[in-house]
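One-letter residues, chain by chain:
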Amino acid sequence: MLRDFWCFHPGIWSSDSDDVADRDPVVLVSGIAGSILNSKNKKFGCQTRVWVRILLADLEFKRKLFSIYNPKTGYTEELDDSSEIVVPQDDYGLYAIDILDPSTLVKCTQLTDCYHFHNMIDMLVGCGYKKGTTLFGYGYDFRQSNRIGKAMNGLHEKLKAAYKASGGRKVNLISHSMGGLLILCFISHHSDVFSQYVNKWITIATPFQGAPGCINDTLLTGVQFVEGFKSFFFVSRWSMHQLLVECPSIYEMLPNIDFNWKKKPEILVWRKQSNDDGETSVELASYGPEESVSLFEEALKNNELSYNGKTIPLPFNSAILKWAAVTRQILNKTQVPKGVSFYNIYGTSFDTPFDVCYGSESSPIDELSAICHSDPKYSFVDGDGTVPAESAKVQISPLFKLMFYLI
């Protein structure tokens, strides 16, 4: 979606003037899974890209990126004790959010599934923006909470650096998807800093109220980023599930239970029931945003991860849910400071998952744990294909402009 928007709307940033480099600096902030992640060896300092990669994708992902949540620190920590996950800072932060697999193979074959901010960066450079002076990127470890200290401190330093490099000009922030939630959390913690350094905030496809269909299913069956034959060269759906079930960022995008939805999102399960007379029947069980917690707990109670010969329990994580509930309270009440212009761009006219159903009347679910290895069936609403328009179009600023686009 991000790539499509800027391909179809290049005129937004075009200019005939010769002094584009003298404009306010731009900082690009990525969304979920929108930053390169490297595994850095603690002893020798060498780094291996583990997200995103095409060759040996699933193998390296399992070896280096599988993680467990630490409730004492609030961080999700990798199981590999010999390494740590880092985001590369090359090219003023732009490298990590440009082409997510910058290998020769991807560039030569123009595998655009791995292109994230690439078209936007090229377009802004073509308009005269200068990397390191008026153009910067901010990638972050998207496994973590949107309000975690490292992410907040990193964004603070990036805004400060852009402000200083441009000669004291305020920044125009452009965020995508979950990056908008990270910025909203930053405002809640550092409103004065935000006002000091930011002129405009433009966010694209941000799930302010959550992404019900996609996130509910991610916690139950995982997520597949590419389809068809390409999926054989990428991280598997279940490998993604085993990582994301331990990631606070995913729990923070569950549907907002306090939001006044036109229709509350549901998880539907065709269940086999045993009657008193020994016969069985089939019923369609419905779980709303609050009731779905019990479904997650039951479906994932026996979920396990095999790592280096060890079996690690990975149930639905109630500690992460409590952390995410506090994040949701922050997101619900935070407003953009006065004096900062806010532009909210969201997509419409795409079938976007909302409710998700498992099993069928003819093939019901017996044990709820079987959901995790079943195929989801969605009901759709209007949106961008991932985020419902209802979730994305929210007013959080008095200086507010709402934009939508159709492709």
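Located above this text is the structure these notes cover.
Structural notes, computed from the coordinates.

About the thresholds
- Residues numbered from 1 in each chain as written.
- Predicted model: local features only at pLDDT ≥ 70, side-chain atom pairs only at ≥ 80, totals over all residues.
- Heavy atoms only, no water.
- Pairing = 2+ DSSP bridges.
- Helix = DSSP H or I, 4+ residues; strand = E, 2+ residues; numbered from the N terminus.
- Axes fitted to C-alpha atoms, helices over the stretch in contact; angles between N-to-C directions.
- Contact = heavy atoms within 4.5 Å.
- Core = buried A, V, L, I, M, F, W, Y, C linked by side-chain atoms within 4.5 Å.
- Buried < 20%, exposed > 50% of the residue type's maximum accessible area, 1.4 Å probe, protein only.
- Phe/Tyr/Trp six-rings, centres within 6.5 Å; stacked < 30°, edge-to-face > 60°.
- Lys NZ or Arg CZ within 6 Å of the ring centre and 35° of its normal.
- Parallel < 35°, antiparallel > 145°, perpendicular 65-115°, else oblique.
- Nonpolar A, V, L, I, M, F, W, Y, C, P; charged D, E, K, R; others polar.
- Left-handed = near helix turned anticlockwise from the far one by under 90°.
- Salt bridge = Lys/Arg side-chain N within 4 Å of Asp/Glu carboxyl O.

## A closer look at the sheet that holds strand β16 (residues 377-383)
With mixed pairing, the 4 strands of this open sheet are ordered in space as β11-β10-β15-β16. Lying at the two open borders of the sheet, with one neighbouring strand each, are β11 (280-287) and β16. Along the sheet, successive strands turn relative to each other by an average axial angle of 25°, direction set aside. Where strand β10 (residues 267-274) meets β11, 8 bridges bridge the pair, whose relative direction is antiparallel. Its bridge partner lying in β11, Ile-267 is registered against Tyr-287. Helix α11 (residues 292-299) contacts β10 and β11 of the sheet and is inclined by roughly 60° relative to β10.

## What about the nonpolar core?
The biggest cluster of nonpolar side chains holds 95 residues, and the ones touching the most others in it are Trp-51, Leu-173, Phe-194, Trp-201, Tyr-251, Ile-267 and Val-269. Looking at which element gives the most residues to this core, the answer is helix α6 (residues 179-189), with 7 residues. Apart from residues no more than four positions distant in its own chain, Leu-173 is found in contact with Val-27, Val-29, Leu-159, Ile-183, Phe-194, Val-198, Lys-200, Trp-201 and Ile-202. In this structure, Val-26, Phe-117, Leu-124 and Ile-202 belong to the second largest nonpolar core, which totals 18 residues.

## Side note on the packing of aromatic side chains
Counted according to the given criterion, the structure contains 15 aromatic pairs. Relative to Phe-66, the ring of Phe-61 has its centre 6.0 Å away and its plane inclined at 80°; by these criteria the two rings are edge-to-face. Ring geometry for Tyr-378 and Phe-380: centres 6.1 Å apart, planes at 55°, overall tilted. These aromatic residues form a ring-pair network of at least three members: Trp-51, Phe-61, Phe-66, Phe-142 and Phe-234. The ring of Trp-323 has Arg-147 sitting right over it, with the charged end atom 3.8 Å from the ring centre.

## Some words on the sheet that holds strand β3 (residues 47-51)
If you trace the 3 strands from one edge of the open sheet to the other, you get β3-β2-β6, paired in antiparallel fashion. Bordering the open sheet on either side are β3 and β6 (83-86), each of which pairs with just one other strand. Along the sheet, successive strands turn relative to each other by an average axial angle of 30°, direction set aside. Pairing of strand β2 (residues 37-41) with β6, which is carried by 4 bridges, proceeds in the antiparallel orientation. Counted as the bridge partner of Asn-38 is Val-86 from β6.

## So, the packing of helix α8 (residues 212-221) against helix α9 (residues 237-244)
Remark: α8 packs on α9, axes separated minimally by 7 Å, with the N-to-C direction vectors making an angle of 100°. Taken as axis vectors, α8 and α9 run roughly perpendicular relative to one another. Residues Asp-217, Thr-218, Leu-219, Leu-220 and Thr-221 of α8 lie in contact with α9, whose contacting residues are Arg-237, Trp-238, His-241 and Leu-244. The class makeup of the residues in the contact of α8 with α9 is 4 nonpolar, 3 polar and 2 charged.

## Observations regarding α9
Judged by how many residues are buried, α9 sits mostly within the fold: 6 of 8 residues are covered. Along α9, the positions that sit buried rather than exposed are Ser-239, Met-240, His-241, Gln-242, Leu-243 and Leu-244. Looking at the buried residues of α9, the elements they touch are β3, α2 (57-64), β4 (67-70), α8, α10 (248-251) and β12 (304-307).

## Brief notes about the packing of α2 against α9
Relative to each other, α2 and α9 sit at 20°, their axes nearing to 11 Å. Our classification of the angle between α2 and α9 gives roughly parallel. In the crossing of α2 with α9, the sense of the turn from one axis to the other is left-handed. Only Ser-239, Met-240 and Leu-243 of α9 make contact with α2, whose side of the interface consists of Asp-58, Phe-61 and Lys-62. Split by residue class, the contact of α2 with α9 holds 3 nonpolar, 1 polar and 2 charged.

## Topic: the pattern of salt bridges
One pass over the structure, following the stated rule, counts 12 salt bridges. Asp-101 serves as the salt-bridge partner of Arg-49, at 3.0 Å between the closest nitrogen and oxygen. Highlighted residues: Arg-49 in strand β3 and Asp-101 in the loop between β6 and α3 (104-109), separated in sequence by 52 residues. In this structure, the salt-bridge partner of Glu-60 is Arg-63, at a minimum N-O distance of 2.9 Å. Remark: Arg-63 and Glu-60 occur in helix α2; sequence separation between them is 3 residues, near one turn of the helix. Given the relative accessible area of 11%, Glu-60 is considered buried.

## Examining unusual backbone geometry
Each neighbour pair has its own omega, and for Trp-51 with Val-52 the value is -5°, a cis peptide bond. Counting through the fold element by element, Val-52 comes out in the loop between β3 and α2. Although it is not a glycine, Asp-91 adopts a positive phi angle of roughly 55°. With respect to the helices, strands and loops of the structure, Asp-91 is situated in the loop between β6 and α3. In this model, Tyr-92 sits at a positive phi of 60°, which is unusual for a non-glycine residue. Along the chain, the position of Tyr-92 falls in the loop between β6 and α3. According to the relative accessible area criterion, Tyr-92 is partly exposed, its value standing at 45%.

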